[in-house]
Protein chains: 2
Amino acid sequence: MAEGAEVARRERLDRDRVLRTAVALADEHGIDAVSMRRLAQVLGVVPMALYKHVAHKDALLDGMVDAVLAEIDPPDPALGWADAVRGRILSAREVMLRHPWARRVMESRAAPTPVVLAYMDSTIGTFLAGGLSVDLVHHVMHALGSRIFGFTQELYDNAPGPTPDELAALGPEALAAMQQTAAMFPNVVAVATSRPHDPGSVVGSGCDDEFEFEFGLDLLLGGVERLHRRGWSSSGAASV
Amino acid sequence: MAEGAEVARRERLDRDRVLRTAVALADEHGIDAVSMRRLAQVLGVVPMALYKHVAHKDALLDGMVDAVLAEIDPPDPALGWADAVRGRILSAREVMLRHPWARRVMESRAAPTPVVLAYMDSTIGTFLAGGLSVDLVHHVMHALGSRIFGFTQELYDNAPGPTPDELAALGPEALAAMQQTAAMFPNVVAVATSRPHDPGSVVGSGCDDEFEFEFGLDLLLGGVERLHRRGWSSSGAASV
DNA sequence: ACCTGAACACCGTTCAAGT
DNA sequence: ACCTGAACACCGTTCAAGT
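Cut-off values and rules
- Residues numbered from 1 in each chain as written.
- Chains lettered and ligands numbered in written order.
- Predicted model: local features only at pLDDT ≥ 70, side-chain atom pairs only at ≥ 80, totals over all residues.
- Heavy atoms only, no water.
- UniProt positions renumbered as here; feature names shortened; annotations may be inferred.
- Helix = DSSP H or I, 4+ residues; strand = E, 2+ residues; numbered from the N terminus.
- Phe/Tyr/Trp six-rings, centres within 6.5 Å; stacked < 30°, edge-to-face > 60°.
- Buried < 20%, exposed > 50% of the residue type's maximum accessible area, 1.4 Å probe, protein only.
- Least-squares fit on C-alpha atoms with pLDDT ≥ 70 in both.
- Contact = heavy atoms within 4.5 Å.
- Near = heavy atom within 4 Å.
- Polar contact = N/O pair within 3.5 Å; in protein donor to acceptor, adjacent residues only side chain to side chain.
- Nonpolar A, V, L, I, M, F, W, Y, C, P; charged D, E, K, R; others polar.
- Axes fitted to C-alpha atoms, helices over the stretch in contact; angles between N-to-C directions.
- Parallel < 35°, antiparallel > 145°, perpendicular 65-115°, else oblique.
- Left-handed = near helix turned anticlockwise from the far one by under 90°.
- 1 Å grid on protein atoms, 1.4 Å probe; cavity = no way out; pocket = protein on both sides within 12 Å on 5 of 7 lines; lining within 4 Å.
- Points joined across faces, edges and corners; volume = space filled by probe spheres on them.
- Buried area = accessible area lost by both parts, 1.4 Å probe.
- Salt bridge = Lys/Arg side-chain N within 4 Å of Asp/Glu carboxyl O.
- Domains from an automatic or database assignment.

Per an unreviewed UniProt entry, chain A goes by the name TetR family transcriptional regulator and belongs to Cellulomonas cellasea DSM 20118.

Below, the structure is given as structure tokens:
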């Protein structure tokens, strides 16, 4: 029943303690471990006690996301709009690395919370203060998408580029199967095993996620800067 | 028990019928309706009968994604690399609009299936055939991310720009609450209600998702073309 | 005001049995 | 070879009751 250090009994619940405990539980055991029943158990309380502090499970998840967003640095007012947005997004990325479950939770939420809206409002404000037109900012927010929260689809995380440790632990039949799979997708293998980065900056996978995140971000922000400098207005940006 | 037309009994199950029925069920009632138990009921079969054709629920979800990816057009060999990739991604987007649940399922999957790898392999092949370096293609695949499958985070889908129908159905107290919320996030409201598009092309929301998708895609592909023309090689693209 | 207990209607999945 | 039935260990949540 009791899981030792994790059980913190008799302290009178409040919403903050519920949310902080839920975040810690997700950080340690993954988001699937965050069930109303297990969270209650960690808090030393019966499941229904939680419902006095969060309306339902979705409200719990919203609260967890809000708690994570609060860790993101505000934009630096000393910087120009592009650097201010860039810096804040990189801060958001660090936060998301600390709470890797947050990406999937945010993607699963239907409506943004006031905290999410406040974050977006502040980011939009930085663009507008930089002189970008409302219409351009509209498109830019779409184009950046979830990048403004510091994450993207990390497609190559699970691609067939095994770490040396994994390779060593593999049996001969598993290795043969892997080579057969690799032979079927030569382009994926070529691109996944390319080492475009400074060898010193990357240890295992040959893939520097920080570099890739900034590459995509700068491709987008660079394009926006170019459009803005050319006095971009509504029509003619996309052509079929 | 029986839900009329949905129940198709006595036809001997096979994997294909299981997957096709699961896709149809998700299209009609959403992904949450796709439980092993409910899918079995629609097929007129006991839940455990499914396990002869899919190893477990995750394998069912993988199979559903594979079925959806099979609907995407192959790249047009008559086009240059940029237009070929662009056309295929727009085809993928149409497919995702037909199966809106597929985005979340793909995001939740841990490892890519062979069908996912084959799709990526073919897309990478188009870039390489166009003369882009392996290193550049590596970064480009990261930068495009889930866009190559035809979707992005659609942040504004649920932002506070209500449709006229919704507004009309609102009570006065709900309307007052909404105005209060709007007052707290003026930048979000300004950007969400901007009408940057040809008024004829958009009916309700003032937001043309097709335009936004292509805007972001072209910002990225345009940046890549520019890098490629300049003979881009590994270093110096991202600066801190 | 806050917490509890029992119950309801669901899940995915195992195991042993039927045909 | 394919399907069934009963059971196990979980879910989120309601309702009525305790202190």
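Caption draft 1: Just the UniProt feature "domain: HTH tetR-type" (unreviewed entry) in chain A, in detail. In the numbering used here, UniProt assigns the "domain: HTH tetR-type" (unreviewed entry) feature to residues 12-72 of chain A. In residues 12-72 of chain A, helix accounts for 57% and strand for 0%; the two terminal C-alpha atoms are 29 Å from one another.

Caption draft 2: Structural view of the packing of aromatic side chains. Residue and element names in this part refer to chain A. Counted according to the given criterion, the structure contains 6 aromatic pairs over all chains. Both rings, one in Phe-211 and one in Phe-215, keep their centres 6.3 Å apart while their planes meet at 25 degrees; by these two values the pair is stacked. Of the two residues, Phe-211 and Phe-215 are both situated in helix 11 (residues 209-229); the distance of 4 residues between them amounts to about one turn of the helix. Grouping residues by exposure puts Phe-211 and Phe-215 together as buried.

Caption draft 3: Summary view of the relation of the copies chain B and chain A. Of the two same-sequence chains, chain B is brought onto chain A (RMSD 0.0 Å, axial shift 0.0 Å) by a rotation of 180 degrees. Interpreted geometrically, this transformation is the action of a two-fold axis. Most of the interface of chain B is mirrored in chain A: 100% of its interface residues are interface residues there too.

Caption draft 4: Seen up close, the environment of Val137(A). All names here are of chain A. Mapping Val-137 onto the fold places it in helix 7 (residues 134-144). Residue class for Val-137 comes out buried when judged on its relative accessible area of 0%. Here the alpha-carbon distance between Val-137 and Ile-124, two residues 13 residues apart in the chain, equals 7.1 Å.

Caption draft 5: Molecular detail of the protein's contact with DNA strand D. The environment of DNA strand D is formed by 16 residues, the closest being Arg37(A), Met48(A), Tyr51(A), Lys57(A) and His53(B). Lys57(A) places a polar main-chain atom, nitrogen or oxygen, 2.9 Å from a phosphate oxygen of DNA strand D. One nitrogen or oxygen atom from the main chain of Leu13(B) is found 3.5 Å from a phosphate oxygen belonging to DNA strand D. Classifying every residue of the surface near DNA strand D gives 8 nonpolar, 3 polar and 5 charged.

Caption draft 6: The arrangement of the packing of helix 1 (residues 15-29) of chain A against helix 3 (residues 57-69) of chain A in detail. Residues and elements named next belong to chain A. The geometry of helix 1 relative to helix 3 is characterised by a closest axis approach of 9 Å and an angle of 80 degrees between their N-to-C directions. Judged by the angle between their axes, helix 1 and helix 3 are roughly perpendicular. The segment helix 1 lies against helix 3, with Arg-15, Val-18, Leu-19, Ala-22, Val-23 and Ala-26 engaging Leu-60, Gly-63, Met-64 and Ala-67. When grouped by side-chain class, the residues that make up the contact of helix 1 with helix 3 number 8 nonpolar, 1 polar and 1 charged.

Caption draft 7: Examining the packing of helix 7 (residues 134-144) of chain B against helix 11 (residues 209-229) of chain B more closely. Residue and element names in this part refer to chain B. With their axes 11 Å apart at the nearest point, helix 7 and helix 11 run at an angle of 170 degrees to one another. The angle between helix 7 and helix 11 places the two elements in the roughly antiparallel class. Here helix 7 and helix 11 pass one another in a crossing that is right-handed. Here helix 7 contributes Leu-136, Val-140, Ala-143 and Leu-144 to the contact with helix 11, which in turn contributes Leu-217, Leu-220, Val-224, Leu-227 and His-228. Tallied by class, the residues present in the contact of helix 7 with helix 11 amount to 8 nonpolar, 1 polar and no charged.

Caption draft 8: Here's a closer look at empty space enclosed by the protein. Under the definition given, this model contains 3 cavities of 30 Å³ or more. Size it by volume and the largest cavity reaches roughly 140 Å³. Residue lining of the largest cavity: 16 residues in total, with Ser146(A), Thr152(A), Ser146(B), Arg147(B) and Thr152(B) positioned closest to the centre. Secondary-structure elements contributing two or more residues to the lining of the largest cavity are helix 7 of chain A together with helix 7 of chain B. With 3 residues, the top contributor of residues to the lining of the largest cavity is helix 7 of chain A. Partitioned by chemical class, the residues of the lining of the largest cavity number 4 nonpolar, 9 polar and 3 charged.

Caption draft 9: How the structure looks around the interface of chain B and chain A. Across the contact, 68 residues belong to chain B and 68 residues belong to chain A. Both sides of the chain B and chain A interface together cover about 5,900 Å² of buried area, and 66% of this is carbon and sulfur. At the boundary of chain B with chain A, the tally comes to 0 salt bridges. Our count for the contact surface shared by chain B and chain A stands at 16 residue pairs in polar contact (both at pLDDT 80 or more). Residues that form the side of chain B that touches chain A fall into these classes: 39 nonpolar, 17 polar and 12 charged.

Caption draft 10: Quick peek at the domain arrangement of chain A. Residues and elements named next belong to chain A. With domains assigned, chain A is organised as domain 1 (2-54) and domain 2 (69-155 + 199-239). Of the residues lining the interface, 4 residues belong to domain 1; the matching set on domain 2 comes to 4 residues. Across the domain 1 to domain 2 interface the summed buried area is about 390 Å²; carbon plus sulfur atoms make up 70%. Sorting the residues of domain 1 by area buried against domain 2 places Val-23, Asp-27 and Ile-31 first, and these three jointly supply 81% of that buried surface. Applying the counting rule to domain 1 against domain 2 returns 0 salt bridges. Along the contact surface separating domain 1 from domain 2 lie 2 residue pairs in polar contact (both at pLDDT 80 or more).

Caption draft 11: Fine view of the UniProt feature "DNA-binding region" (unreviewed entry) in chain A. The positions UniProt marks with the feature "DNA-binding region" (unreviewed entry) are residues 35-54 of chain A. Span residues 35-54 of chain A is 35% helix and 0% strand, its end C-alpha atoms 13 Å apart.

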